[in-house]
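Okay, here's what each chain looks like letter by letter:
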Amino acid sequence: MDEVVITKSNPSSSGSDTRIICRVCQKQFSQYTCPRCNSRYCSLQCYKRHNLRCTESFTRENVMEELKQVQPDEETTRKMLDILKRFHSKEEMSSDDEEESMLSEEIIQKVLSGQEVKLEDLSPKELKQFRRVIASGELIKLIEPWTPWWRQPSAKSISLSPEGCQLVRPVELASGPEDNINEIPVGPESPLPPLRQLICREPSPFLTVHVVDVLYSYCFTLRLYNGDWHSDPLGAATVALGMSKVMGDLGQPETVAEALAACLEETCSPVYRHIGGFSFGIGLVDDVVCLLSLGTNALVCLLCDLQRLIRAGARILKSEKIGKTERRDTIKKLKSADRKVYFLMCWVHEQPAEVWSTVANFVEMEKTSLAQLGHGSKNFKDERKGKQQSKVLIQEV
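Residues numbered from 1 in each chain as written. Predicted model: local features only at pLDDT ≥ 70, side-chain atom pairs only at ≥ 80, totals over all residues. Heavy atoms only, no water.

### Here's the deal with the nonpolar core
One finds W149, W150, Y216, M247, L292 and V363 to be the most contacted residues of the largest nonpolar core, which totals 78 residues. Counting only elements with at least two residues in this core, the list comes to α6 (207-224), α7 (233-243), α8 (256-267), α9 (277-294), α10 (296-318), α11 (324-349) and α12 (353-374). If you tally residues by element for this core, the top one is α10, at 13 residues. Grouped together as the second largest cluster of nonpolar side chains are seven residues, C22, C34, C46 and Y47 included. (Core = buried A, V, L, I, M, F, W, Y, C linked by side-chain atoms within 4.5 Å. Buried < 20%, exposed > 50% of the residue type's maximum accessible area, 1.4 Å probe, protein only. Helix = DSSP H or I, 4+ residues; strand = E, 2+ residues; numbered from the N terminus.)

### Thoughts on α8
Between its terminal C-alpha atoms α8 stretches 16 Å, which fits the 16 Å expected from twelve residues at 1.5 Å a residue. When we look at burial in α8, the residues that qualify are V256, A259, L260, A261, A262, C263, L264 and T267. (Expected span 1.5 Å × (residues − 1).)

### Quick look at the pattern of salt bridges
Applying the stated criterion to the full structure yields six salt bridges. Note that R311 and D338 form a salt bridge whose closest N and O atoms lie 2.7 Å from each other. Pair noted here: R311 is in helix α10 and D338 is in helix α11, with a separation of 27 residues, a long-range link. Taking the relative accessible area as the measure of exposure, R311 reaches 42% and is therefore partly exposed. One network of salt bridges, with partners in common, ties together R151, R223 and D287. (Salt bridge = Lys/Arg side-chain N within 4 Å of Asp/Glu carboxyl O.)

Below you can see the structure in the form of C-alpha cells.
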C-alpha cells in the first residue's frame, strides 16, 4: 500500500508542512517509523498490525538478546545437565518403541560432554518436541524428589545450647547451601535474648496460633522450591510472606482453625492450585504436625532458616532494577517479617516442651475437620464460607 502524503501550506513561513498518514489505519498522521521495514504508523496498536512477521521477528530477537544476558551459575548448569542426561537415558530405554530419539546424536553428544546447548542448536522438530515435553510435565518427573529435613530421623535429636544458639559443629568448606538442602538448618549463631528484653508487656495469647501460620508458610515455600530456596531467595521470600497472614501483615488469626483455613484457602487459589490444591495443603498440615512434634529446638532452627531466607531476599532486592517506591515498600515488609520471625524465635525458645505436643494435637484435630470440609470440593473457599454462614444461622436460632 502506498503512503498517503498531505501537504499543507503554512502562511507563517515561506514553505509548507508535509504530513504522512498512518499506513495502517489511514486515519491519523503517522508519528513513528518501523526500524525494519520503514513503514509509517501512528500508535502501538497500528505497529502490532502493520506487519506480523516484522513484529514477531522484533519480539523474538529481544527475547533471545535477554536470554543471552542471563548467565547461569555453575551449580544451575550442572543441575540442568543432570536432568538432560537422565532424560536422554529415559529416551534410550524407550527407543525400542519409537523409531527415533527426540534429540539428534550431535545434541546428545554435547549434553554428555557437558557443553552448553542452546535453543538455536535444536532443529524445528526437536524444538517442537522439547516444548511438548515441557508442557506435559515430563521433565518434572526427572527432578529428584526432595525429602524435607523435618522428616529425617536426625531431626528428632536436634541439640542447641541452653541459650538457644547452635552448638559447635565442624566447618564444611567444600559444600555450599545448595548441597545441604536435606540437612537440618543451622540454629542461631548467638544466644537468644530473654523475651523481657524485647517487650515490656505480656506477649499476645495468640502466638501459638501465629507459629502455626508461620510453620505452614515455611513448609509451603520449601516444598514449592523442592528444598532449594537459595536458588531464588527473593522469590521464596515473596511466596512465604504471601502465604503467611502474620508475616505479610494480612491479618492476625486467633484460632488454629482460622490460621489453617486461611493457609489452605491461599493454597487452593488460582495462583497455586496447579501445585496440588487441597490435597497438597492437607499434606502441609501434616508437615506442621510433624514439626510441632519435634519440639522447641527444631522450631528454633526452622525460624532461624526462615530469617536467613528473608534476609537473603532483601539483599537481592537491593540490587533489583525496580522503582524506588516499590523497592522501599518491599524492603520495609521484609524487615518487618524479619523482626516478627526473630521475636517468635525468642518466644518459642522459652516455651515448655509440652506446649508443642498440645498444639500438635489441636492441629491434628483441625486437619480432620478441614479434610472433611474440603473432600470432593472444587472450591475450598466457597465451601468454607458456606460452613461459616451455617454456623451463624444456628447461633441466631
